[in-house]
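One-letter residues, chain by chain:
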Amino acid sequence: MIDAGELRTRTRALLEAHPPATTDRADFLKARFDAGLAWVHYPEGLGGLGAPRSLQAVVDAELEAAGAPDNDPRRIGIGLGMAAPTVLGFGTEEQKQRFLRPLWTGEEVWCQLFSEPGAGSDLAALGTRAVRDAESGDWVVNGQKVWTSSAHTARWAILIARTDPDLPKHRGITYFVCDMTDPGVEVRPLRQITGEAEFNEVFLTDVRVPDAHRLGEVGEGWKVAQTTLMNERVSIGGMRIPREGGMIGPVAKAWRDRPELRTHDLHQRLLKLWVDAEVARLTGERLRQQLVAGQPGPEGSGMKLGFARLNQEISGLEVELLGEEGLLYDDWTMRRPELVDFVGREAGYRYLRSKGNSIEGGTSEVLLNIVAERVLGLPAEPRTDKDVAWKDLAR
Amino acid sequence: MSDLLYSEEEEALRRAVRDLLADRCDAATVLARAEAPAAEGPHDRELWKALTEGMGLAGLLVPEELGGQGATHREAAVVLEELGRAVAPVPYLTSAVVATEALLACGGSEAAELLSALAAGRTVGALAVGLATAPGAPFQDVRHDAGALHGELTGIADAAGADILLVPADDGALYAVHTAQDGVTVTPRTSLDLTRPLAAVTFEAAAARELTRGADAAVRRGLRAGAALLASEQLGIAEWCLTETVRYTKERHQFNRPVGSFQALKHRLAELWLEVVNTRAAARNAADALAADSTDADVAAALAQAYAAPVAVHAAEEALQLHGGIGMTWEHPVHLYLKRAKADSIAYGTAGRHREALAELVDLQAP
Ligand SMILES: Cc1cc2nc3c(=O)[nH]c(=O)nc-3n(C[C@H](O)[C@H](O)[C@H](O)COP(=O)(O)OP(=O)(O)OC[C@H]3O[C@@H](n4cnc5c(N)ncnc54)[C@H](O)[C@@H]3O)c2cc1C
């Protein structure tokens, strides 16, 4: 098994062969992937070395110290956090070879075609159809997806579609990789509460997906999707941030810099939120330490819940603290951003955008159900749809 | 960054303490103890003996050369988690943590001798400062005159079971006073928390030995350790409340369903779980900061109290409500937890006081 020392040596060799100062960003990232230093816990040849996941920190620290370019994980979050582990877990050798490298380097952005107008929290109710063309063996996909973040920049999508409407909803779903350049894919911006359009509606009309782009077995899509969703939640917590590194930072700064804004009521609320933010940060740190020590706890399930609430409360307080300035907004221009940039914008934006934190990636209500049932073991909700064919469900 | 996990040794310690408490400190025993005649004192002496003479736990914070275990606040915090989970009527926090820490700040042979006595567990000590006092807040003292103390102090936790009191006097010094001697009267008060009751203490020319000229620093250190490690006790309380309530709501049927299957309850319990998870991080951080003598220890202690105190109260209040009528009875132990949690929320400073302390420490000044 590779140890920290050897990883350090390999990282230094990479830096020597491709000095960041004189190497093109994309070339450096490709070389890093090929050296197995992209995600060290991935297999050899796929950007990794089969090393323990905890050792990634060794590589990252060396590269950061050397000023090496990074692959902009925030811009490629869906690919990195969700598509990649699913391709790794369920893909064929060809699929892994084809998709993982450009995904990791950021040459190809991914999006997630899961939610539909009629299937959000109840994702397994989805109705987008994939029908096998007897002649070519391709799948022909028709339907509508919605709230698709980054569909406007994406090259590929992870897609779940119904392949057998006669089975109960969880059993008739298959998982695909969809080519976003297919002529049948139409992406329409959905303008958001913030003014910009970060997510989209996606209309799929006779989109042809070759069977070689199926992930996992026909009808096993729900199981594959569980891997994606689990990784979605894990990738949200467990990041190392400094004290005041989250949304509390700008508020604390405004409080310190501008004594004229202070009131007693705001002071009480600020202190309480500062405590909550710091404790949430420690919980994230504890989760990270557990992962490194190879003893993941259930903490991750709660992290997103906590952060959503904190972001909303803190940004709400921030707008109020700013008083007259809080009555202004920086820019309502319709834009098509590539990523969510909380700190690059002003308080009003943070306030509005953070409302999505308790909806995207599973609503807070749904996450509370998950904690109650999977962590605390409380009885599940009564389910009336479990054994009914999807086509017979009320819609 | 602090180490927020439990080591294998700490987990082993937890198991040992939990096993002992399961045998010796079930709810019925705690309740019987609370109702015992005042003459028997507030503590479960047998349990204390098992924890101290049997397991050496009173000496965790005392260096080995003074007869202690030379362990750290991390281990003491684990013990307090388990004692909180059992609402154990023993003077661990007051004697083995707060009085011990105050003595550790004193130096000198008098304090060393007392530390050895407390570490052995045969002597119980209490810092004679009101339980509600936050670290850094002003505290009452008594008059020192010609080698003896005069005056009254109120709100002293576990004083009724203590052999030695550490008493701050108006000359700025901290004195050691035997409770069994002439001129000392300890008057137990009927307290909200049956398991950690308060007493008033009067001194009428009570003989006293000086421990340090700097009572302020010693008291501050004792109270800070008390506040920081109280968070671990509060974690134990909250965990018991959550676990018991989850168990009960899974079993209790109404409307032909377990009441724990109703989403309104599931969400409340899931919220509580998240609070408990956060409390563990805050409590571990505080214990680790003290153990490492970190420059962040003041922040860590204040943060832990500002967060953990309301969580323990919330957990106990939710536990009572979700148990329905049975939660309102004397036989069901939930009231012991509510009383302890509520008293704990005032002990060593309320959450609000700790937030005010943070305002100074992290430079978020009041208007
Ligand atoms: C900013 C943003 C980005 C997004 N990006 C993507 C993306 O890239 N790809 C993608 O596929 N999807 C994306 N989504 C969609 C997101 O996953 C869904 O919005 C979410 O799962 C909720 O579904 P819904 O909107 O249909 O709400 P609904 O499921 O209709 O929920 C309505 C309300 O009912 C509550 N509710 C539903 N079921 C239950 C229950 N069992 N118990 C209690 N309450 C319940 C919900 O919590 C909510 O309050 C994004 C959403 C947002 C806001």
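Residues numbered from 1 in each chain as written. Chains lettered and ligands numbered in written order. Predicted model: local features only at pLDDT ≥ 70, side-chain atom pairs only at ≥ 80, totals over all residues. Heavy atoms only, no water.

Could you clarify how one ought to interpret unusual backbone geometry in this entry?
A negative phi angle characterises most non-glycine residues, just as the trans form characterises most peptide bonds. All names here are of chain B. We note that A146 has phi near 50 degrees; this positive angle belongs to a residue other than glycine. Even without glycine at this site, A205 takes up a positive phi of about 55 degrees. You can see A205 is positioned in strand 7 (residues 198-207). Residue class for A205 comes out partly exposed when judged on its relative accessible area of 45%. (Helix = DSSP H or I, 4+ residues; strand = E, 2+ residues; numbered from the N terminus. Buried < 20%, exposed > 50% of the residue type's maximum accessible area, 1.4 Å probe, protein only.)

Mind showing me how you'd approach the interface of chain B and chain A here?
Often the size quoted for an interface is simply the accessible area lost on bringing the parts together. Listed per partner, the contact involves 44 residues of chain B and 47 residues of chain A. Between chain B and chain A lies a buried interface of about 3,900 Å² when both sides are counted; carbon and sulfur atoms form 68% of it. One can count 5 salt bridges joining chain B with chain A. The partner of E373(A) in a salt bridge is K266(B), and the shortest N-O contact between them spans 2.5 Å. Where chain B meets chain A, there are 18 residue pairs in polar contact (both at pLDDT 80 or more). (Contact = heavy atoms within 4.5 Å. Buried area = accessible area lost by both parts, 1.4 Å probe. Salt bridge = Lys/Arg side-chain N within 4 Å of Asp/Glu carboxyl O. Polar contact = N/O pair within 3.5 Å; in protein donor to acceptor, adjacent residues only side chain to side chain.)

Please clarify how the UniProt feature "domain: Acyl-CoA dehydrogenase/oxidase C-terminal" (unreviewed entry) in chain B should be interpreted in this entry.
Taking the numbering used here, the UniProt-annotated feature "domain: Acyl-CoA dehydrogenase/oxidase C-terminal" (unreviewed entry) corresponds to residues 214-360 of chain B. When the span residues 214-360 of chain B is considered, its composition is 77% helix and 3% strand, and the gap between its end C-alpha atoms is 24 Å. (UniProt positions renumbered as here; feature names shortened; annotations may be inferred.)

Sorry, what's going on with the sheet that holds strand 6 (residues 184-188) of chain B here?
Remark on secondary structure: sheet strands pair via backbone hydrogen bonds, oriented parallel or antiparallel. Residues and elements named next belong to chain B. Spatial ordering of the open sheet is given by 2-3-7-6, a layout of 4 strands whose pairing is antiparallel. A single partner strand is all that each edge strand has here, and the edge strands are strand 2 (143-145) and strand 6. Across the sheet, the mean angle separating the axes of adjacent strands is 15 degrees when strand polarity is ignored. Bridge count between strand 2 and strand 3 (residues 148-157): 3 bridges; the pairing is antiparallel. (Pairing = 2+ DSSP bridges. Axes fitted to C-alpha atoms, helices over the stretch in contact; angles between N-to-C directions.)

Sorry if this is basic, but what is going on with the domain arrangement of chain B here?
All names here are of chain B. Structurally, chain B comprises domain 1 (6-121), domain 2 (125-213) and domain 3 (215-360). The distance between the C-alpha centroids of domain 2 and domain 3 comes to 28 Å. Buried surface at the junction of domain 2 and domain 3, summed over both partners, amounts to about 1,700 Å²; 71% is from carbon and sulfur atoms. Three residues stand out in domain 2 for area buried against domain 3, namely L131, P135 and R196, and they jointly supply 27% of the buried area on that side. (Domains from an automatic or database assignment.)

Please clarify how the pattern of salt bridges should be interpreted in this entry.
Side-chain pairs of opposite charge can arise where the charged atoms are in close proximity. As enumerated under the stated definition, the model contains 68 salt bridges over all chains in all. Across the salt bridge formed by D330(A) and R345(A), the nearest N and O atoms sit 2.8 Å from each other. One end of the pair, D330(A), is in the loop between helix 9 (299-321) and helix 10 (347-353); the other, R345(A), is in the loop between helix 9 and helix 10, and 15 residues separate them in sequence. For D330(A), a relative accessible area of 32% gives the class partly exposed. Across the pair E239(B) and R85(B) runs a salt bridge, and its minimum N-O distance is 3.0 Å. A residue pair is termed long-range when its members are at least 10 positions apart, and E239(B) in helix 7 (residues 215-251) and R85(B) in helix 4 (residues 73-85) qualify at 154 residues. With a relative accessible area of 13%, E239(B) lands in the buried category. Overall, the relative accessible area of 16% leaves R85(B) in the buried class.

In this structure, what is going on with helix 4 (residues 77-90) of chain A? I would like to understand it.
Since the α-helix turns once every 3.6 residues, residues separated by three or four places project in the same direction. Residues and elements named next belong to chain A. Helix length check: helix 4 (14 residues) gives 19 Å between terminal C-alpha atoms against 20 Å at 1.5 Å per residue, within 8%. Where helix 4 bends most, the angle comes to about 40 degrees, and this point is A83, followed within four residues by the proline P85. Of all 14 residues in helix 4, 10 are buried; the element is thus mostly enclosed. (Expected span 1.5 Å × (residues − 1). Bend = angle between axes of the 7 residues up to and from the residue.)

Please clarify how the UniProt feature "domain: Acyl-CoA dehydrogenase/oxidase N-terminal" (unreviewed entry) in chain B should be interpreted in this entry.
Listed under "domain: Acyl-CoA dehydrogenase/oxidase N-terminal" (unreviewed entry) in the UniProt record, and renumbered for this structure, are residues 7-120 of chain B. Helix makes up 65% of residues 7-120 of chain B and strand makes up 0%, while its end C-alpha atoms are separated by 25 Å.

Explanation requested: the environment of Q290(A) in the structure shown.
Relative to the elements of secondary structure, Q290(A) occurs in helix 8 (residues 264-292). Accessibility expressed as a relative area gives 8% for Q290(A), which makes it buried. Put simply, Q290(A) and G118(A) are 172 residues apart on the chain and 38 Å apart in space, counted from C-alpha to C-alpha. Sequence-distant contacts of Q290(A), defined by excluding residues within four places in its chain, comprise Q295(A), P296(A), G297(A), E299(A) and L5(B).

What is the right way to read the side chain of R74(B) from this model?
Residues and elements named next belong to chain B. Within the secondary structure layout, R74 lies in helix 4. Side-chain polar atoms of R74 contact the backbone oxygen of L5, separated by 2.7 Å. Excluding its chain neighbours within four sequence positions, the residues that come into contact with R74 are D3, L5, Y6, S7, E10, R284, A287, D288 and A291.

Even after reading the chapter, I still don't get the domain arrangement of chain A, so can you show me in this structure?
The assigned domain composition of chain A is domain 1 (1-70), domain 2 (110-219) and domain 3 (226-376). Using only C-alpha atoms to locate each centre, domain 1 of chain A and domain 3 of chain A end up separated by 31 Å.

Could you clarify how one ought to interpret the site of the ligand in this entry?
Of all residues adjacent to the ligand, which total 18 residues, the nearest are S121(A), W147(A), T363(A), E365(A) and Q263(B). Surrounding the ligand is a set of residues that belongs to chains A and B. A distance of 2.8 Å separates a nitrogen atom of the ligand from a polar atom in the side chain of S115(A). Between the ligand and S149(A) there is a distance of 2.8 Å, counted from a nitrogen atom to a side-chain nitrogen or oxygen. Coverage of the ligand by the protein chains reaches 68% of its 970 Å² of free accessible surface. Among the residues making up the shell around the ligand, the classes are represented as 5 nonpolar, 10 polar and 3 charged. When residues are assigned to domains, the shell around the ligand turns out to be shared by domain 2 (110-219) and domain 3 (226-376) of chain A, each giving three or more. (Near = heavy atom within 4 Å. Areas by Shrake-Rupley, 256 points an atom, 1.4 Å probe, with all protein chains shown as cover. Nonpolar A, V, L, I, M, F, W, Y, C, P; charged D, E, K, R; others polar.)

Please clarify how helix 1 (residues 4-17) of chain A should be interpreted in this entry.
Residues and elements named next belong to chain A. With 14 residues, helix 1 extends 20 Å from end C-alpha to end C-alpha; this agrees with the ideal 20 Å at 1.5 Å per step. All of the buried residues in helix 1 are L7, T11, L14 and L15. Looking straight down helix 1, one finds that the buried residues subtend no more than 95 degrees of arc, so they occupy a single side. Exposed positions of helix 1 whose direction lies more than 90 degrees from the buried face are T9, E16 and A17. Check the buried side of helix 1 and you find it contacts helix 2 (25-34) and helix 3 (56-65). (Arc of directions from axis to C-beta.)

How do you make sense of the UniProt feature "domain: Acyl-CoA dehydrogenase/oxidase N-terminal" (unreviewed entry) in chain A when you look at a structure like this?
On the UniProt side, "domain: Acyl-CoA dehydrogenase/oxidase N-terminal" (unreviewed entry) is annotated at positions that read residues 26-107 of chain A here. In residues 26-107 of chain A, the share of helix is 56% and the share of strand is 0%. The end C-alpha atoms are 8 Å apart.

Explain the environment of K223(A) here, please?
Assignment of secondary structure puts K223(A) in helix 6 (residues 221-234). A sequence separation of 52 residues divides K223(A) from R171(A), and the C-alpha atoms of the two residues are 9.0 Å apart.

Looking at this structure, I do not really get the packing of aromatic side chains. What am I missing?
How two aromatic rings sit relative to each other is set out by the distance from centre to centre and by the angle between their planes. All chains considered together, the criterion is met by 14 aromatic pairs over all chains. Between the aromatic rings of F33(A) and W104(A), the centroid separation amounts to 6.2 Å while the plane-to-plane angle is 45 degrees, which identifies the pairing as tilted. In this pair, F33(A) sits in helix 2 while W104(A) sits in helix 5 (residues 93-105), placing the two residues 71 residues apart along the sequence. For the pair formed by F33(A) and W104(A), the shared burial category is buried. Taken together, the ring pairs in this structure connect F33(A), W39(A), Y42(A) and W104(A) into an aromatic cluster. Taking NZ or CZ as reference, R155(A) lies 4.2 Å from the ring centre of W156(A), over its face. Cation over ring: R14(B) sits above Y6(B), and NZ or CZ is 4.6 Å from the ring centre. (Phe/Tyr/Trp six-rings, centres within 6.5 Å; stacked < 30°, edge-to-face > 60°. Lys NZ or Arg CZ within 6 Å of the ring centre and 35° of its normal.)

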